[in-house]
Amino acid sequence: MKAIFCGFACLTLLVMATGASSAAELKVGDEAPAFSLKGSDGKTYSLKDFKGKKAVVIAWFPKAFTGGCTKECKSMRDDGNGLRKYQVAYFTASVDEPQKNKEFAESLSLDYPILSDPDKSVAQEYGVLNPDRGVTNRWTFYIGKDGKILFIDKSVNTTEHGKDIAHKLDELGVEKK
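What counts and how
- Residues numbered from 1 in each chain as written.
- Predicted model: local features only at pLDDT ≥ 70, side-chain atom pairs only at ≥ 80, totals over all residues.
- Heavy atoms only, no water.
- Helix = DSSP H or I, 4+ residues; strand = E, 2+ residues; numbered from the N terminus.
- Buried < 20%, exposed > 50% of the residue type's maximum accessible area, 1.4 Å probe, protein only.
- Contact = heavy atoms within 4.5 Å.
- Areas by Shrake-Rupley, 256 points an atom, 1.4 Å probe, with all protein chains shown as cover.
- Axes fitted to C-alpha atoms, helices over the stretch in contact; angles between N-to-C directions.
- Parallel < 35°, antiparallel > 145°, perpendicular 65-115°, else oblique.
- Nonpolar A, V, L, I, M, F, W, Y, C, P; charged D, E, K, R; others polar.
- Pairing = 2+ DSSP bridges.
- Core = buried A, V, L, I, M, F, W, Y, C linked by side-chain atoms within 4.5 Å.
- Salt bridge = Lys/Arg side-chain N within 4 Å of Asp/Glu carboxyl O.
- Phe/Tyr/Trp six-rings, centres within 6.5 Å; stacked < 30°, edge-to-face > 60°.
- Lys NZ or Arg CZ within 6 Å of the ring centre and 35° of its normal.
- Arc of directions from axis to C-beta.
- Expected span 1.5 Å × (residues − 1).

J.: Got a minute to help me understand the overall build of the chain in this structure?
T.: Looking only at helices and strands, one finds 6 helices and 9 strands in the chain. Taken over 177 residues, the chain has a buried fraction of 44%. Long-range contacts, defined here as pairs at least 24 residues apart, represent 65% of the contacts in the chain between residues at least 6 apart. Carbon and sulfur atoms make up 55% of the accessible area of the chain, which totals about 9500 Å².

J.: Before we go on, may I ask you to explain the packing of helix α2 (residues 67-78) against helix α6 (residues 161-171) in this structure?
T.: The angle between the axes and the distance between the axes are what describe a pair of packed helices. Where α2 contacts α6, the two axes come as close as 6 Å, and the packing angle between them is 55 degrees. The angle between α2 and α6 places the two elements in the oblique class. Across from E72, S75 and M76 in α2, the residues of α6 making contact are H161, G162, K163 and I165. Classifying every residue of the contact of α2 with α6 gives 2 nonpolar, 3 polar and 2 charged.

J.: Can you walk me through the pairing of strand β3 (residues 55-60) in this structure?
T.: The side chains of a regular strand alternate, residue by residue, between the two faces of the sheet. Most of β3 sits out of view: 6 of its 6 residues are buried. As judged from the 6 bridges shared by β3 and strand β4 (residues 88-94), these two strands associate in the parallel manner. Bridge pairing in β4 links V56 to A89. Note that β3 and strand β8 (residues 140-143) share 4 bridges and pair antiparallel. Bridged to V56 within β8 is I143.

J.: What is the right way to look at the nonpolar core in this model?
T.: In globular proteins that are soluble, nonpolar side chains generally tend to be buried together. Residues F35, V56, I58, W60, Y126 and F141 are the most contacted members of the largest nonpolar core, which totals 25 residues. Elements with a contribution of two residues or more to this core: β3, β4, α5 (121-126), β8 and β9 (149-153).

J.: I'm lost on the pattern of salt bridges in this one. Help?
T.: When their charged atoms lie close together, side chains carrying opposite charge are able to pair. A complete count under the given rule lists 11 salt bridges for this structure. Between K168 and E171 there is a salt bridge, and its shortest N-O distance comes to 2.5 Å. A residue pair is termed a helical-turn pair when its members lie 3 or 4 positions apart in one helix, as K168 and E171 do in helix α6 at 3 residues.

J.: I tried to follow the packing of aromatic side chains on my own but got confused; where do I start?
T.: Each pair of aromatic rings is reported with the distance of its centres and the angle of its planes. In the structure shown here, the tally under the stated rule is 8 aromatic pairs. Measuring from centroid to centroid gives 5.5 Å for Y90 and Y112, while their planes differ by 45 degrees, and the two rings are tilted. A residue pair is termed long-range when its members are at least 10 positions apart, and Y90 in strand β4 and Y112 in the loop between α4 (98-107) and β5 (114-116) qualify at 22 residues. The exposure class assigned to Y112 is buried, which follows from its relative accessible area of 5%. Taken together, the ring pairs connect Y45, F50 and F91 into an aromatic cluster. Here the basic side chain of K154 rests over the ring of W139, its NZ or CZ set 4.3 Å away from the ring centre.

J.: What exactly am I supposed to notice about α6 here?
T.: Owing to its 3.6 residues per turn, the α-helix aligns residues three or four sequence positions apart on the same side. The complete set of buried residues in α6 reads H161, G162, I165, A166, K168 and L169. Summarising the axial view, the buried residues of α6 lie within an arc of 165 degrees, below the 170-degree limit, and thus occupy one face. Away from its buried face, by an angle of more than 90 degrees, α6 presents the exposed residues H167 and E171. Its buried side turned inward, α6 meets β3, α2, α3 (80-83), β4, β8 and β9. Of the residues flanking the end of α6, it is G173, one or two places downstream, whose phi is positive at about 75 degrees.

J.: Explanation requested: α2 in the structure shown.
T.: Across its 12 residues, α2 extends 16 Å between first and last C-alpha, which sits within 8% of the 16 Å expected from 1.5 Å per residue. On the buried face of α2, the contacting elements are β3, α3, β4, α4, β8 and α6.

J.: Mind showing me how you'd approach the sheet that holds β4 here?
T.: Taken in spatial order, the 7 strands line up as β2-β1-β5-β4-β3-β8-β9 in an open sheet, and their pairing is mixed. Each of the sheet's edge strands pairs with one partner strand only, and the pair in question is β2 (44-46) and β9. Strand after strand, the sheet turns through a mean of 30 degrees between neighbouring axes, direction not considered. Judged from the 3 bridges that link them, β4 and β5 form a sheet pairing that is parallel. What sits directly across from S94, in β5, is S116. Lying on the sheet, α2 is in contact with β3, β4 and β8; it crosses β4 at an angle near 165 degrees. Contacting β1 (36-39), β4 and β5, α4 crosses the sheet at an angle of about 170 degrees to β5.

In short, geometric facts, not functional conclusions.
Written as structure tokens, this is what we have:
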């Protein structure tokens, strides 16, 4: 009986320790994890810089210079006029090195920055890192002026993403300029 109790106690501690080490999945209403990431334009962007001023959209994509990511970034560029109607800072982001994202942004003539998270720490905080592939899942986070998550899109349509973001900003009641 004593051996069974010890086994149960050890199993309970193992489960508790495992659960404590993995972050809970982010959800609507949660405080968005802080970030300070270098953009493809050479500037560093931090979530705290926008708090109280404007909403933030971060569209994570897996890898620069790939088909789906190219379509997604072009869609956001092509529908930029619709996005700029709102009080929002918008970015795409990946775990690619800053130089690679700079080259990718230039190749597409993007008018918004791609954020780089080469050490993958912010991607882990946002829960988007796919550990099996070493890249991020294609998820988009909508963050309110108060720093709280308004919506998480886990079903991104790469060719329509710019229009979809503008529609969601309207649906969420994000302030227009």
